[in-house]
Amino acid sequence: MRLIKILGFSHIVIALGAGVTVYLSGFALGLEGAFLEAALLIGALTGLGYTTQRLIKTMFFPTTAFAKRNAYMKRYGVSMFVVWGAIVVSAFLFVPLTLSISTLIIGLFLITIGLMYAWFPFREIPYLKLPLTSLVWAIATVILPVYLTGLEHAIEMGTVCAIVLARGLYIAGLTIPFDVRDLDIDRLDMKTLPQTIGIASSLYWAMILVGSSAVLWFGLAASQSINGYVGIALGIHAIVTISFVSPHFAGINRHEIYHTIVLDGMLIVQIFALPLSARGFI
């Protein structure tokens, strides 16, 4: 149980998931491992970003998080912030990346949105939580690495936008079970999907969103807009995810392990798209 807290509450799983998502986006675009350096940096930034958000919530808005997470952040939050900060600084110093004006603009936009989301008034805007989360994640894991690697002129941006949509749909569906979990701490005027249409209906929408992501991956693969084998593998991954966001599995009484390890862990599971996409498997 202690290991579960370390992996989940210290944001290791979500950081690894972000890195894997970036890495696979590169393979989908036919760039093989060109996004590796970007994956390392964005994974580190994700760990730091989530830690910063949680630390702000714990210090200033403790009612917006569960008691166990608040207790963990009060005990280890500052140390986590220092460690993740050191990892990010190391990544900037030792990982070769292109820091163009476009890269800085996108990065500053994501950092600003992340910090603003941690503050109470911004988070309380009705209907904002789900689209904002999916948009930020898609930009951070698809568009930002394109510019970090300096490949924006070598890639068809229409294809990049399609992958952004696929990532956004997937994350939107994956986020809804977290909104179900947070029903007891989210203010009613936030108007999250479970608050608006109920638990079961919102989880059915989660299935539809993740399923739409799968359809889009298959469509991109069939049209040869992306690496077909990777696209099919990511489509299969999305189909597998559908059951995990369904009402049967993602009900309100699920243990914290389900959200911080299983659901966030589905982002890491994407890495198996690489061996599965080899010609011998698909």
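Everything here concerns the structure above.
I will try to describe carefully the structure that is included in this document. Here the structure is a predicted model, which is why all the values come from computation and not from measurement. (Residues numbered from 1 in each chain as written. Predicted model: local features only at pLDDT ≥ 70, side-chain atom pairs only at ≥ 80, totals over all residues. Heavy atoms only, no water.)

Counting secondary structure elements, the protein chain contains 13 helices and zero strands. Along the protein chain, helices (α) and strands (β) appear in the sequence α-α-α-α-α-α-α-α-α-α-α-α-α when read from the amino end. In terms of overall dimensions, the protein chain is globule-like: its C-alpha atoms have a radius of gyration of 18 Å, near the 19 Å expected for 282 residues. With the C-alpha coordinates of the protein chain rotated into their principal frame, the extents come out at 50 × 45 × 35 Å. Taken across its 282 residues, the protein chain has 51% of its residues classed as buried. Of all intrachain contacts in the protein chain linking residues separated by at least 6 positions in sequence, the fraction that spans at least 24 positions is 77%. When the accessible surface of the protein chain is split by element, carbon and sulfur atoms take 72% of a total near 12900 Å². (Helix = DSSP H or I, 4+ residues; strand = E, 2+ residues; numbered from the N terminus. Rg over C-alpha atoms; globule rule 2.2 N^0.38 Å. Buried < 20%, exposed > 50% of the residue type's maximum accessible area, 1.4 Å probe, protein only. Contact = heavy atoms within 4.5 Å. Areas by Shrake-Rupley, 256 points an atom, 1.4 Å probe, with all protein chains shown as cover.)

Turning next to a positive patch on the surface. A surface patch of like charges, here positive, comprises Arg-2, Lys-5, Lys-68 and Arg-75. Every element with two or more residues in the positive patch is listed here: α1 (2-9) and α4 (67-94). Mapped onto the elements of the fold, Arg-75 is located in helix α4. (Patch = residues over 30% accessible without salt bridge, like charges linked within 9 Å, V, L, I, M, F, W, Y side chains within 5 Å. Salt bridge = Lys/Arg side-chain N within 4 Å of Asp/Glu carboxyl O. Lys, Arg positive; Asp, Glu negative; His and termini not counted. Charge placed at Lys NZ, Arg CZ, Asp CG, Glu CD.)

The next subject is the packing of helix α10 (residues 199-222) against helix α11 (residues 228-244). In the contact formed by α10 and α11, the axes pass within 8 Å of each other and the chain directions differ by 165°. With respect to α11, the element α10 is oriented roughly antiparallel. Regarding α10 and α11, the two cross each other, and that crossing is left-handed. The residues of α11 that touch α10, namely those facing Met-207, Val-210, Gly-211, Ser-213, Ala-214, Trp-217, Phe-218 and Ala-221, are Gly-228, Gly-231, Ile-232, Leu-234, Gly-235, Ile-236, Ala-238, Ile-239, Thr-241 and Ile-242. By residue class, the composition of the contact of α10 with α11 is twelve nonpolar, six polar and no charged. (Axes fitted to C-alpha atoms, helices over the stretch in contact; angles between N-to-C directions. Parallel < 35°, antiparallel > 145°, perpendicular 65-115°, else oblique. Left-handed = near helix turned anticlockwise from the far one by under 90°. Nonpolar A, V, L, I, M, F, W, Y, C, P; charged D, E, K, R; others polar.)

Membership of the largest hydrophobic core comes to 37 residues, with the highest contact counts inside it found for Leu-24, Leu-29, Val-160, Ile-163 and Trp-217. Elements that contribute at least two residues to this core include exactly α2 (12-28), α3 (36-60), α5 (101-118), α7 (129-148), α8 (157-181), α10 and α11. A per-element tally of this core places α7 first, with eight residues. Sequence-distant contacts of Ile-163, that is, excluding residues within four places in its chain, are made with Ala-28, Leu-29, Val-142, Trp-217, Leu-220 and Ile-226. In this structure, Trp-137, Leu-169, Ile-176 and Ala-250 belong to the second largest nonpolar core, which totals 25 residues. (Core = buried A, V, L, I, M, F, W, Y, C linked by side-chain atoms within 4.5 Å.)

This is a description of form; function is not addressed.
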